[in-house]
Amino acid sequence: MQIQYKPKRGWLATIFQAEIVQGMTLTLKRLFSKPITRQYPDEKPKIRPGFRGQHALVRDPETGDCKCIGCMRCAMACPSRCIRIRSHKDKEPGSRRVIDCYRIDSLRCVYCGYCEEVCPVNAIVLTEVYEYGSYTRPSLYFTKEQLLANWDRFAAELDTPVEEYVNPFWRPRGLSEQDLPAPKRLPVSPEWSGEQQVVGRKWRQHHTPEQS
Ligand code: SF4
Ligand code: SF4
C-alpha cells in the first residue's frame, strides 16, 4: 500500500498558491469573530456549582477540629486509594474518635468526588479552588493540617456565609431523602438532580451558549 502524505496539487493551485489564500481567508474570518481563548490568568474562568477542585477538611466551628468521625468510608470508596486515615478512640465512654492523621495524595486523585459523596457528615469536600499547582511533590500530599487550612482559605473567599454553603456533590445521587443521613439532606436545586448532570456531547445539547 502506498501512503500519500501530501495531497496532489494541480498546476492552478501551484500558480496561485491556493493554501496561502485559504490560510489568509481563515485569518481574516477569525479577526472579526469572538475569541475562543481566555486571557488566563488575567481572565478567570467561571466555576460552575459542583466543580471538583482542591480537597479540604471542613472545620467544625464548635471544636475547631475537622468534622471527620473516622468511619473510613471515603478511603474505601476512593478508586485511586489515595486517602490514608489513622484514628484512635479514648477510653472514656461516649468520647468521639480522634483523627491522628488524614492524608490525601492529590497527585493520584482522579477527582471523582466519591469521597465527598459517601462522607456521612460532609467532612471531606472538593472545593472550587483550581489554582494549586506546585513545583514540589510534598506540597501536594495534603496532611490533615493542610486540608483544614485549605478549607479556611476557601471559606474566607466564599461570597455566601460558610454555614449556608452547599456543594451539590455532597449529596449522593440517586438516593431518596429517607435513605440519606441527616447531614446529607441538603437543599440542592432540582437542576442538580442526577438526570440533569450530563457530560460530554450531551452537555452541549442541554445548555445554551449563554450558560457556557
Ligand atoms: S475525589 Fe475520588 S480519587 Fe480523589 S480522593 Fe476523593 S474518592 Fe479518591
Ligand atoms: S467518610 Fe467522612 S467521616 Fe468518614 S473517614 Fe472519610 S472524611 Fe471522615
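Data block above holds the structure.
Numbering of residues begins from 1 in every chain and follows the order in which that chain's sequence is written. Naming scheme: in the order in which they are written, chains are lettered from A and ligands are numbered from 1. With pLDDT at 70 or above as the cut-off, local features in this predicted model cover only qualifying residues; side-chain atom pairs require 80 or more to be listed or tallied, and sums for whole chains, interfaces and linings still use all residues. Computation of side-chain values covers all heavy atoms of the structure but excludes hydrogens and water.

Draft legend 1. Structural view of the packing of aromatic side chains. Pairing of aromatic rings covers Phe, Tyr and the six-membered ring of Trp, with a centre-to-centre limit of 6.5 Å; geometry is then stacked below 30 degrees between planes, edge-to-face above 60, and tilted otherwise. On inspection of all chains with the given rule, the structure shows three aromatic pairs. Between Tyr-132 and Phe-142 the ring centres are 6.1 Å apart and the planes differ by 45°, which places this aromatic pair in the tilted class. Separated by ten residues along the polypeptide, Tyr-132 in the loop between β4 (124-126) and β5 (141-142) and Phe-142 in strand β5 bring together distant segments of the chain. Residue Tyr-132 shares its accessibility class with Phe-142, and that shared class is buried. What counts as a helix is a DSSP run of H or I of at least four residues, what counts as a strand is a run of E of at least two, and both are numbered from the N terminus. Working definition: with a 1.4 Å probe on protein chains only, accessible area under 20% of the residue-type maximum means buried, over 50% means exposed, and in between means partly exposed.

Draft legend 2. Representation of the sheet that holds strand β2 (residues 83-89) in the model. At least two DSSP bridges between two strands are needed for those strands to be called paired. Pairing within the open sheet is antiparallel, and its three strands lie in the order β2-β3-β5. Single-partner strands in this sheet number two, and they are β2 and β5. The sheet contact formed by strand β3 (residues 97-105) and β5 spans two bridges and is antiparallel. Bridge pairing in β5 places Asp-105 opposite Tyr-141.

Draft legend 3. Structural view of the side chain of His-55. Among the structural elements, His-55 can be located in strand β1 (residues 55-57). Here His-55 falls in the buried class, since its relative accessible area comes to 2%. Apart from residues lying up to four places away in sequence, His-55 is in contact with Ile-104, Ser-106, Cys-109, Tyr-111, Ile-124, Val-125, Leu-126, Phe-142, Leu-147 and Asn-150. Throughout, a contact is declared for two residues whenever any of their heavy atoms are within 4.5 Å.

Draft legend 4. Main features of the site of ligand 1. Looking at ligand 1, there are 14 residues lining it, with Cys-78, Cys-109, Cys-112, Gly-113 and Cys-115 nearest. Grouping the amino acids of the shell around ligand 1 by side-chain chemistry returns eleven nonpolar, three polar and no charged. Whether a residue is near a molecule or strand is decided by its heavy atoms; if any one of them lies within 4 Å of it, the residue is near. Residues are grouped as follows: Ala, Val, Leu, Ile, Met, Phe, Trp, Tyr, Cys and Pro are nonpolar; Asp, Glu, Lys and Arg are charged; all remaining types, including Gly, are polar.

Draft legend 5. Geometry of the pattern of salt bridges. Whenever a carboxyl oxygen of Asp or Glu lies within 4 Å of a side-chain nitrogen of Lys or Arg, that contact is scored as a salt bridge. All chains considered together, the criterion is met by three salt bridges. Put simply, Glu-131 and Lys-44 hold a salt bridge, and the shortest N to O gap is 2.9 Å. Remark: Lys-44 occurs in the loop between α2 (18-31) and β1 and Glu-131 occurs in the loop between β4 and β5; sequence separation between them is 87 residues. On the basis of relative accessibility, which here comes to 40%, the residue Glu-131 falls in the partly exposed class. Accessibility expressed as a relative area gives 45% for Lys-44, which makes it partly exposed. Here Lys-144 makes a salt bridge to Asp-65, at a shortest N to O gap of 3.2 Å. Here Lys-144 is found in helix α5 (residues 144-157), whereas its partner Asp-65 is found in the loop between β1 and α3 (73-77), with 79 residues between them in sequence. When its relative accessible area of 10% is taken as the criterion, Lys-144 is described as buried.

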